[in-house]
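# A structural walkthrough
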Amino acid sequence: MVGKSVLVVDDEPIVRESIRDWLEDAGYQVAIAESGEEALEMIEKQDFSVMVLDIRLPGKTGIAVLKEVKGQRPWIKSIIITAYPSAETTSEARKLGAIDYLIKPVVPDDLERLIRETLDSVGREPTVTTEVVIRPKPRVIEAVEVKKDFVMPKENMRTIVESLAKEMEVVGVKSKYGKYVYDRISSFEELCLDYDVTVMPPTKYLLPAKETLLKFQAGDGSKVEPVIEAIPRAIVGVHPYDIKAIELLDEAFMSTNPDPNYIARRQKTIIIGVDCLNPSPKSFAPSMGTNLTETGFDLLLTDIGTDYMVTVGSKKGAELATKHAHLREPTGDDIAKQKAAREEALAKYKLSLDVSKERLPKLLEENYEDSYWESRSATCLSCGSCVMVCPTCFCFDVQDEVALNLKEGERSRYWDGCVLVDFAKVATGENFRHDKASRFRHRIFRKGKYILERYGKVGCVGCGRCATACLADIASPLEAFNAIVESAEAKEAAMRIVREVRAETELYAPRPAELVMVSELTPREKVFEFRFKDGKSLGQRPGQFVEVSVTGIGEAPISVSSSPTKDGTFQLAIRNVGNVTGALHALKKGAIVGIRGPFGNGFPLGALEGKDLLLIAGGIGLFPLRSLVQYVLDKRSSFGKVILLFGARSPAERLFLDELAAWSKNPDIEFHETVDRGDESWKGNVGVITTLIPKVDIDSKKTMTVVVGPPIMYRFVIGELKKKDLADENIIVSLERRMKCGVGKCGHCQINGVYVCQDGPVFTLAQLRNLREAV
Amino acid sequence: MKPKVAFFDFTSCEGCQLDALNLTAEELISLLNAVDIVNFREVMTERADNYDIAFVEGSITRESEIPRLQNIRDRAKVVVALGACACIGGVNCLKNHLPVDAALRIVYGKDARYYDTIPARPIDALIKVDYYVRGCPPITAELLKVVKALLLGKKPEIPNYPVCTECKMAGNICVFERGMTCLGPVIRAGCGAICVTSGRHCWGCRGLVDDPNLDSEKDILQKYGLTVEKVVEKFKIYNTYAEVTK
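Residues numbered from 1 in each chain as written. Chains lettered and ligands numbered in written order. Predicted model: local features only at pLDDT ≥ 70, side-chain atom pairs only at ≥ 80, totals over all residues.

### Some words on the overall build of chain B
Counting secondary structure elements, chain B contains 10 helices and 5 strands. Over its C-alpha trace chain B gives a radius of gyration of 19 Å, about what one expects of a compact globule, namely 18 Å for 246 residues. Here chain B, with 246 residues, has 47% of them falling under the buried criterion. (Helix = DSSP H or I, 4+ residues; strand = E, 2+ residues; numbered from the N terminus. Rg over C-alpha atoms; globule rule 2.2 N^0.38 Å. Buried ≥ 20, exposed ≤ 12 C-beta atoms within 10 Å, placed from the backbone.)

### A short note on helix α2 (residues 36–45) of chain A
All names here are of chain A. If you check which residues of α2 are buried, you get Gly36, Ala39 and Ile43. Along α2, the residues classed as buried sweep out an arc of 60 degrees about the axis, all on the same side. Structural note: α2 exposes Glu41, Glu44 and Lys45 on the side pointing more than 90 degrees away from its buried face. Along its buried surface, α2 packs onto β1 (5–9), β2 (29–33) and α3 (62–72). (Arc of directions from axis to C-beta. Contact = placed C-beta atoms within 7 Å.)

### Some words on the environment of Ile231 of chain A
Structurally, the position occupied by Ile231 of chain A is in the loop between β10 (220–226) and β11 (233–238). In contact with Ile231 of chain A, not counting residues within four places along its chain, are Glu169 and Lys268 of chain A.

### Considerations on the domain arrangement of chain A
The figure often quoted for interface size is the accessible area lost as the parts come together. According to the domain assignment, chain A contains domain 1 (2–123), domain 2 (149–209 + 227–347), domain 3 (357–483), domain 4 (511–599) and domain 5 (605–734). With centres defined by C-alpha atoms, the gap from domain 1 of chain A to domain 5 of chain A works out at 72 Å. (Domains from an automatic or database assignment.)

### Quick look at the environment of Arg200 of chain B
By secondary structure assignment, the location of Arg200 of chain B is in the loop between α8 (194–197) and α9 (214–223). By the C-beta count within 10 Å, which is 18 here, Arg200 of chain B ends up partly exposed. Expressed as a C-alpha distance, the spacing of Arg200 of chain B and Glu157 of chain B, which sit 43 residues apart in the sequence, is 26 Å. The residues touching Arg200 of chain B, leaving out its near neighbours within four places in the chain, are Ile103 of chain A together with Cys195 of chain B.

### Regarding the nonpolar core
By size, the foremost hydrophobic cluster in this structure holds 255 residues, and its most contacted members are Val310, Leu615, Leu644 and Val706 of chain A together with Ala54 and Val56 of chain B. With 9 residues, the top contributor of residues to this core is helix α7 (residues 240–254) of chain A. Not counting residues up to four positions away in its chain, the partners in contact with Leu644 of chain A are Leu615, Val629, Trp663, Ile669 and Phe671 of chain A. Among the nonpolar cores identified, the runner-up in size contains 31 residues, and Ile19, Leu23, Val30 and Val106 of chain A belong to it. (Core = buried A, V, L, I, M, F, W, Y, C linked by C-beta atoms within 7 Å.)

Written as structure tokens, this is what we have:
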């Protein structure tokens with residue numbers, strides 16, 4: 001009998017025979033084969049329900065056997081055993097339908113349990129039914145309209161799923177180890193439409209854990225090609241809270257700076273939702289307004305007994321229903337049943353917010369300094385589980401990987417998350433969110449405030465996955481929200497729906513630029529001059545930055561050091577501190593790098609014009625500020641009095657010596673400089689940069705101040721400027737952060753709710769008053 | 001000039017070295033096009049004392065190993081610790097729970113007096129290590145990643161977050177949810193959570209992340225039913241050196 005028959009394939013006699021003995025003792029019928037060839041011969045003649053397969057076989061490999069079995073008898077469930085597991089073979093075997101993996105030496109209990117679970121799921125295999133249920137037929141629908149409800153017999157889902165499977169990949173909810181997961185659906189019986197919550201959200205089909213953005217030739221910035229991979233896919237059984245999460249991703253990836261990879265995938269995706277009637281005990285979706293949805297799906301089902309109520313949410317959904325479903329108009333009874341089902345479900349939620357969700361942003365804002373963040377995060381493992389399982393988390397990292405020949409390579413993005421230790425760490429080693437408490441708080445603020453304010457959609461959909469995944473039991477945003485008690489009104493963010501957008505396929509693809517000049521400033525710093533291969537100019541504003549690519553090494557944000565008034569080329573002054581900057585320092589004239597940008601806001605030229613200027617640079621803060629100094633000198637008549645202060649740590653660390661000398665002689669600019677520590681050759685000022693400030697004479701009513709330097713410098717310089725009676729609106733700073741994508745998506749550069757790459761890096765002190773992570 | 005690469009082994013099973021060249025023919029040819037392997041006891045008989053990159057396997061358990069290790073450091077431009085024993089001390093450090101004499105007696109019985117031993121330690125307890133290829137054995141892809149990074153002159157991007165992150169990326173159901181326990185929350189990722197993906201749990205072979213929350217992990221293990229002794233035992237297997245010896 002097929003039901004409990006197992007084929008064991010392994011070239012080691014001791015392994016296959018001992019497995020046979022265990023399984024026979026456990027009541028299975030077991031056949032053994034010592035090679036892939038022998039196994040395939042046996043499978044040709046005889047059916048099995050489970051195959052236990054060694055992946056490394058002499059002759060035909062395990063993978064090859066899997067492939068053939070999949071063609072011949074796709075219903076045989078395969079379990080892989082191997083002494084040499086590798087991520088590649090694991091995923092390949094899974095793609096070929098292998099159920100699971102065991103590492104040799106195999107423990108009998110584990111194998112037996114796995115086979116039992118596998119057979120249990122096979123046990124639900126259909127028996128062919130010939131019986132036809134006849135019932136009185138209300139009017140049959142011919143043309144299906146969007147936004148309307150219809151009724152469909154439950155069994156009709158089989159036709160829909162099977163028809164979709166002929167045209168595209170169908171994924172849906174399956175059971176695994178007593179939990180639910182999204183996975184490929186190979187037969188309708190696997191599909192589960194009544195479940196509480198899945199371990200991972202369906203958003204992985206829109207933003208996979210790893211995806212390639214570019215292919216390149218290493219070290220040659222002109223050989224770069226965007227990669228966009230998307231296959232037509234239907235996601236079946238998506239709960240409303242996950243649909244709401246997908247709507248947020250649509251907003252984040254399809255409105256500003258449309259993301260070509262996301263859009264390609266999204267536009268090829270069909271979403272068939274289903275109302276959640278048995279919520280997870282950790283869910284609080286009703287408090288977040290996500291237990292039901294009227295948008296974001298192609299079709300949405302509600303289980304009303306023997307039928308589904310079907311809501312058509314899009315033209316695609318209407319076409320699908322017209323083609324494959326037998327719909328009828330709902331009767332009053334059907335509508336009552338749907339209402340009852342939803343109300344019953346609502347009553348099952350055990351957890352709820354103590355305030356309305358609209359009040360969260362203000363509540364959080366007012367409790368930024370609460371001791372809760374510190375105390376509650378003490379047990380945080382920084383393990384990333386909460387952000388990995390979150391349907392509204394979308395931050396990512398970008399890395400280059402080259403082939404062993406060191407020639408071809410790929411730039412890929414990977415899931416990343418703000419609770420991970422190094423998330424906000426920059427190349428110089430500074431970590432802008434170095435402690436557990438600030439990372440913990442940032443995540444909760446994203447969930448309750450930043451996302452809502454930025455995108456107009458809730459940043460937490462109340463699915464409860466993080467609360468389940470968190471071993472320390474501290475991740476639930478609901479708990480954090482409820483722990484904060486204050487009353488305040490929150491603005492209702494405008495809802496925006498994004499649908500028809502076209503992507504710039506070039507979003508992540510750098511433009512090739514040639515290195516036309518390079519010169520050393522100090523042993524650690526060089527200035528590089530670039531010209532775009534297509535002859536176009538960069539078109540930057542002073543204070544903006546670019547992302548510089550050395551393919552194979554990576555990409556780094558670098559501020560532009562030259563003024564746009566210098567035509568045709570642009571200069572980047574760079575300290576050698578990390579992978580990319582190290583590689584740049586090794587480049588020779590003629591090399592091609594990739595440039596994206598300019599990004600960021602730049603210095604507010606409008607606000608500076610007509611004013612007196614006090615410009616202050618500490619160390620390599622001169623790199624970005626130089627673009628403004630050059631600009632001001634080139635348009636000298638547009639500004640009043642101009643004072644420039646520059647401080648270096650030592651005479652050897654002074655930068656742009658020719659320009660420093662020229663400025664000191666230029667009557668158009670009052671220039672002072674100092675070094676922290678002098679030496680015998682140094683005749684000028686000695687002391688930190690703050691010591692220069694009392695020496696200059698400014699009119700605080702007419703003066704705008706621009707300060708650029710290392711993070712540590714700001715606090716002291718600002719303190720000194722306040723003594724000069726300067727208003728916060730008139731003090732401008734430029735901040736360093738880890739700007740990875742440059743287009744407001746990856747999340748690394750975020751200061752509270754602000755993306756530095758979009759809304760910065762230049763801020764007035766008045767703006768920073770509301771950004772507490774800033775300085 | 002292709003960089004010269006040498007492999008050395010100290011106290012270990014030499015499995016890391018064997019696994020290091022467990023490559024496809026294509027990968028092996030590409031690798032040999034990129035580097036000259038001048039010393040590799042497991043696969044070749046010729047030897048040279050002139051090398052740029054030294055891969056060192058094994059932990060240090062005898063006095064006589066110390067000068068040999070220092071000599072390698074002096075000659076090599078780059079030293080890479082290969083595998084759990086070299087990186088974190090590994091299973092060899094289990095003996096550090098016993099007095100040296102007792103360990104010798106248990107292993108060698110009456111012949112104990114012919115042997116010398118010292119508490120086991122990772123190689124960075126004695127020399128500066130430039131890069132680490134972690135794991136028992138290391139993941140081949142990560143070894144290649146480090147080799148490529150060295151050739152390109154970049155710092156390899158090795159995760160400093162726990163296995164949980166990659167375990168979720170792999171779509172696994174948490175080991176704790178399946179009624180077992182796991183060291184994943186404090187162990188450095190980079191393995192793709194291979195053991196959990198294969199149906200087991202994390203043993204900790206890649207060592208701790210830079211800033212592990214050990215107190216929290218121990219509380220969790222106890223919450224999930226382990227006694228204090230069992231918790232210590234779990235850490236002992238690979239992480240005795242970090243946990244106990246240090």
